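Topology and contacts: notes
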Amino acid sequence: MFDLNFEYCQQRCDMIGVSMSKTVDSSRNSGTPISDGGGTTGFAAGDFYTPPPDDFARRESARPVQAADLGSFAAEVDVIVVGGGGSGFATALFSAWRGNEVLLLEKAADVGGTTRKSAFGFWVANNKALQRAGLEDRRDECLQFMAKMSRPQRFDPNSPTYGLSEWDFDLIQAIYDSGAEAVELLHEKGALRHRPAEGMVEYFTEVPENKLPAGRVLFPDVDDFAQGGEAGFSMLVPAADEAGVQIVRGCRVQRLVLDGEEVVGVQGTGSDGSAPTYFARRGVVFASGGFVHDDELRENSLHVPAFAGCGVHSNEGDLVRIAGALGVPMRNMSNAWMAPIPFEPVAKRDPRVMAMAGIQGDSMVLVNREGQRVVNEKLPYNELSRAFFYRDPITAEYPNLVMFQIWDSRAQEHSAGNYLTTIVSNDDGVIRGQTLEELGGAIDARLAQYESVTGCLRLADGFTAGLRETIERFNRGASEGVDPDFHRGETPIQLVFNGNVKDEGERRNPTVWPISETGPYYAVMICACAMDTKGGPKVNADSQMVDDLDQPIPGLYGVGNCVASVSGNTYWGPGATIGPMMAFAYRAAAAIDREPRRSGARAAVAT
């Protein structure tokens, strides 16, 4: 067991001036449950972006068509971008700033995608803020860290590629080399002004290859970073308008248009039933999100039974079928960006549900159907999620598929409020009981309502006895400021994810406190989700989709969660989804600019 405490964690961050707060007393939120709707909450639903209704067109055949077999086009532009989330807008802007005429097609009724729901943090190696502070994020050290985390089973520090394949290594180099330039250009143009994330540390500060404990994470320049998604798009959308980007909402791209083997356009279906065809002189870039809300793809591709999470419902894996019809190889299809999430709104497919950045509270535990703790509750969300997918080799069941956050009235009073989870319905999802026996009965009754989506999961007969034993064991350690079973509070990021807790003075570990021996008690059901998937068509370092011989397919590009991520099953750090997207959007725009302009004489440009 590491003997790590708050002072140690602060020392790990002092080198770059990161200050970590031990505790925030949130008694001002007294009476608000820790987990309204199943998470840790602090905002009404209206404070966050609410995605539009699922009124997009239905999927049709993805088989490509030849331009020679078509009539006129609805519009002719240099670059078509499919998808209006963060990576789509970045690609559109980078292309437009190079003098290209850009058309952005968004499947949903409004732009923003999952990025708009998020805090919009982005992980950027060697960013300008680090450089201006005189700090060094050395290329070789950062690449070693990325390689170690992405493919630990292949990692070799003595190899020129650190043990990675040529494809893997090319992509992580591209992320390092282009991320800082990409986000700095967005900042300079006023399209995405940002600043360093104060107090945010890396997820893996204890990995020897990670030489920088903090400083790579940036957020939109807004006072409340929970509002980062809305703030980001309040800058991106006007910037796109100023750059002349044409935006068409409510258009689902169904298939590619080819000229021989070159991609020269797309066909779509509008929410009004129209069927427009668009011509691209230089290239088509997909930034259309993953396949988290396509049940068939998710259940048959991911290596774990993850629930569909907080990704917008338009993320149905359209590109998997469109590119698959062209013979593009798929990569990393078994992995996703994981996080705990309130179970009930996920089961109800509520589009407003938010993932949980952290499980809040100190006098709190997370237990399974047996009433047992199985994981450190303060781990980074991607790592914490793995505990939900344990499969019992004897019963062939998933006993942790839904787990239960249990807390007392002290935590109820002082640990309400969190920055990333919102109230999702009038039924707040919080289960209450004056005794542990009463709480267990109420949990099982609630769980029984969802047997059809949990494999008939119910509490074990000995749940209450197991929970009582768990609390007693937890309390013995917490009274000494330790967690001997799972080491809660022993790395810097666990303190960040601790959330609001009561100020108890100079205690050793702010993440643990004995749970009260008397009620009332509170609980909420939590599962693990794929926020979005990270598999799809294989692309090269310039975001070009490639064929089975790794040769670029002329005119076809992909950025973001719709294509294969080089991260494997890891999450390098806060914002490690969006930061690399920015790098690849930047490189895609540069590569497209090298494409010759194809003839569009046959296109009838819409006015």
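Residues numbered from 1 in each chain as written. Predicted model: local features only at pLDDT ≥ 70, side-chain atom pairs only at ≥ 80, totals over all residues. Heavy atoms only, no water.

1. Re the packing of helix α13 (residues 436-448) against helix α15 (residues 463-478)
Keep this limit in mind: With axes taken as lines fitted to C-alpha atoms, and helix axes fitted only over the stretch in contact, angles between N-to-C directions fall between 0 and 180 degrees. Each helix corresponds to a stretch of at least 4 residues labelled H or I by DSSP, and each strand to a stretch of at least 2 residues labelled E; elements are numbered beginning at the N terminus. For this classification, under 35 degrees means roughly parallel, over 145 means roughly antiparallel, 65 to 115 means roughly perpendicular, and everything else is oblique. Each crossing is labelled by how the near helix is turned from the far one, with a counterclockwise turn of less than a right angle marking it left-handed and a clockwise turn marking it right-handed. Contact criterion: two residues are considered in contact whenever any of their non-hydrogen atoms come within 4.5 Å of each other. Here the term charged refers only to Asp, Glu, Lys and Arg, the term nonpolar to Ala, Val, Leu, Ile, Met, Phe, Trp, Tyr, Cys and Pro, and the term polar to all other amino acids, Gly among them.
The interhelical angle for the contact between α13 and α15, taken along N-to-C directions, is 125°, at an axis separation of 9 Å. Taken as axis vectors, α13 and α15 run oblique relative to one another. Handedness of the crossing formed by α13 with α15: right-handed. On the side of α13, the interface is formed by L436, E437, G440 and I443, while α15 contributes F463, T464, L467, R468 and I471. Taken together, the residues of the contact of α13 with α15 break down into five nonpolar, two polar and two charged.

2. Quick word on the sheet that holds strand β6 (residues 217-220)
Using the following cut-off: DSSP calls a pair of strands paired once it identifies at least 2 bridges connecting them.
Strand order across the open sheet formed by three strands is β4-β6-β5, with antiparallel pairing between neighbours. Looking along the sheet, the strands with just one partner apiece sit at the ends: β4 (122-123) and β5 (194-196). In this structure, β5 lies alongside β6, joined through three bridges in antiparallel fashion. Within β6, the residue paired with R195 across the bridge is F219.

3. Points about empty space enclosed by the protein
Worth spelling out the cut-off: Buriedness for pockets is judged along seven lines, at least five of which must meet protein on both sides within 12 Å for an open set on the 1 Å grid over protein atoms alone, while cavities are sets there where a 1.4 Å probe fits but cannot get out, and lining residues have an atom within 4 Å of a point. Grid points are joined across faces, edges and corners, and a volume is the space filled by probe spheres set on the points.
Enumeration according to the criterion identifies 10 cavities of 30 Å³ or more in this entry. Estimates place the volume of the second largest cavity at around 190 Å³. Looking at the lining of the second largest cavity, the elements with two or more residues in it are α6 (166-188) and α17 (578-593). Counting residues per element, the lining of the second largest cavity draws most heavily on α17, which supplies three residues. Classifying every residue of the lining of the second largest cavity gives 13 nonpolar, six polar and no charged.

4. Describing the nonpolar core
Side chains of nonpolar character tend, in soluble globular proteins, to be buried together. The test is simple: To qualify as a nonpolar core, a set must consist of buried Ala, Val, Leu, Ile, Met, Phe, Trp, Tyr and Cys residues joined through side-chain atoms within 4.5 Å. The buried label goes to any residue with under 20% of its type's maximum accessible area, the exposed label to any with over 50%, and the partly exposed label to all in between, with areas taken from a 1.4 Å probe on protein chains only.
Among the nonpolar cores identified, the biggest contains 116 residues, and F404 and W572 are the most heavily contacted of them. Among the elements that take part in this core, α6 stands out by supplying 11 residues, more than any other. Grouped together as the second largest cluster of nonpolar side chains are 29 residues, F291, A411, V524 and A528 included.

5. Brief notes about the pairing of strand β8 (residues 251-259)
Extensive coverage of β8 is indicated by the burial of eight of its nine residues. Summarising the sheet, strand β1 (residues 65-66) and β8 pair through two bridges and their orientation is parallel. Counted as the bridge partner of V65 is V257 from β8. Between the antiparallel neighbours β8 and strand β9 (residues 262-270) lie two residues, among them G260 with a positive phi of about 70°.

6. As for the packing of aromatic side chains
Let me state the cut-off plainly: Note on aromatic pairs: the rings of Phe, Tyr and Trp (six-membered ring only in Trp) are paired at centre separations within 6.5 Å, and the planes decide the class, stacked below 30 degrees, edge-to-face beyond 60, tilted for the rest. For a Lys NZ or an Arg CZ to count as sitting over a ring, it must be within 6 Å of the ring centre and within 35 degrees of the ring normal.
All told, the structure shown has 18 aromatic pairs when counted by the stated rule. Relative to Y586, the ring of F94 lies with its centre 5.3 Å away and its plane at 85°, an arrangement referred to as edge-to-face. Residue F94 is located in helix α2 (residues 86-96), and its partner Y586 is located in helix α17; the two are separated by 492 residues in the primary sequence. Here F94 matches Y586 in class, with each residue buried. Their ring planes at 75° and their centres at 4.9 Å tell us that W337 and Y571 sit as a pair that is edge-to-face. Of this pair, W337 sits in strand β13 (residues 336-342) while Y571 is found in the loop between β20 (552-558) and α17, placing the two residues 234 residues apart along the sequence. Looking at W337, the relative accessible area reads 4%, which means it is buried. By the ring-pair criterion, three or more aromatic residues cluster together here, those being Y203, W337, Y381, F497 and Y571. K107 extends its terminal NZ or CZ atom over the ring of F56, reaching a point 4.9 Å from the ring centre.

7. Section: the packing of α6 against α17
Viewed as axis vectors pointing N to C, α6 and α17 meet at an angle of 85°, and their least axial separation amounts to 7 Å. Here α17 runs roughly perpendicular to α6, going by the angle between their axes. Counted together, L171, A174, I175, D177, S178, G179, E181, A182, V183, L185 and L186 of α6 and P580, M582, A583, F584, Y586 and R587 of α17 form the full contact between these two elements. Looking at side-chain class alone, the contact of α6 with α17 contains 12 nonpolar, two polar and three charged residues.

8. Quick look at unusual backbone geometry
The omega angle of the peptide bond from G519 to P520 is 10°, so this bond is cis rather than trans. Tracing the backbone shows P520 in the loop between α16 (492-496) and β17 (521-533). Residue A396 is not a glycine yet carries a positive backbone phi of 60°. Tracing the backbone through its elements, the reader meets A396 in the loop between α11 (381-385) and β15 (402-408). Owing to a relative accessible area of 43%, A396 belongs among the partly exposed residues under this scheme. One non-glycine residue, D550, lies in positive phi territory at about 65°. On the basis of relative accessible area, D550 is assigned to the partly exposed category, the value being 41%.

9. Here's the deal with the environment of T161
Operational definition: N or O atoms closer than or at 3.5 Å make up a polar contact, with two conditions inside protein: a donor-capable atom paired with an acceptor-capable one, and, for residues adjacent in sequence, both atoms drawn from side chains.
By the element assignment, T161 lies in the loop between α5 (139-150) and α6. Remark: the alpha-carbon pair of T161 and Q173, spanning 12 residues in sequence, is separated by 9.9 Å. Separated by 2.8 Å, the side chain of T161 and the backbone oxygen of L164 make a polar contact.

10. What about α6?
For an α-helix, 3.6 residues make a turn, and residues three or four places apart therefore share a direction. Condition: By definition here, a helix of n residues has an expected span of 1.5 Å times n minus one. Values of bend correspond, residue by residue, to the angle between axes fitted over the seven residues ending at that residue and the seven starting there.
End to end, α6 covers 33 Å across 23 residues, agreeing with the expected 33 Å (1.5 Å per residue, within 8%). Of all the bends in α6, the greatest measures close to 40° and is centred on S178. Two residues or fewer past α6, G190 is found with a positive phi of approximately 75°.

11. Some thoughts on the side chain of N315
Looking at the secondary structure, you find N315 in the loop between β11 (307-308) and α9 (318-324). At 3.3 Å, the side chain of N315 and the side chain of T114 are in polar contact. A distance of 3.0 Å separates polar atoms of two side chains, one belonging to N315 and the other to D532. The contacts of N315, once residues within four sequence positions are left out, are T114, S288, G289, G290, F291, V292, H293, D294 and D532.

12. A closer look at the environment of R321
With respect to the helices and strands, R321 occurs in helix α9. Sequence separation between R321 and P537 is 216 residues, and the spatial gap between their C-alpha atoms is 9.7 Å. Ignoring sequence-local partners within four residues, the contact set of R321 consists of R59, A62, D294, E296, L297 and E316. Polar side-chain contacts of R321 include one of 2.9 Å to the side chain of D294.

13. Thoughts on α13
What counts, and what does not: Think of the arc as the fan of directions from the helix axis to the C-beta atoms.
The first and last C-alpha atoms of α13 sit 18 Å apart over 13 residues, in line with the 18 Å expected at 1.5 Å per residue. Every buried residue of α13 is listed here: L436, L439, G440, I443, D444, R446 and L447. For α13, the angular spread of buried residues about the axis comes to 160°, placing them on one side. Lining the buried residues of α13 we find α10 (343-347), β15, β16 (431-433), α14 (451-454), α15 and β17.

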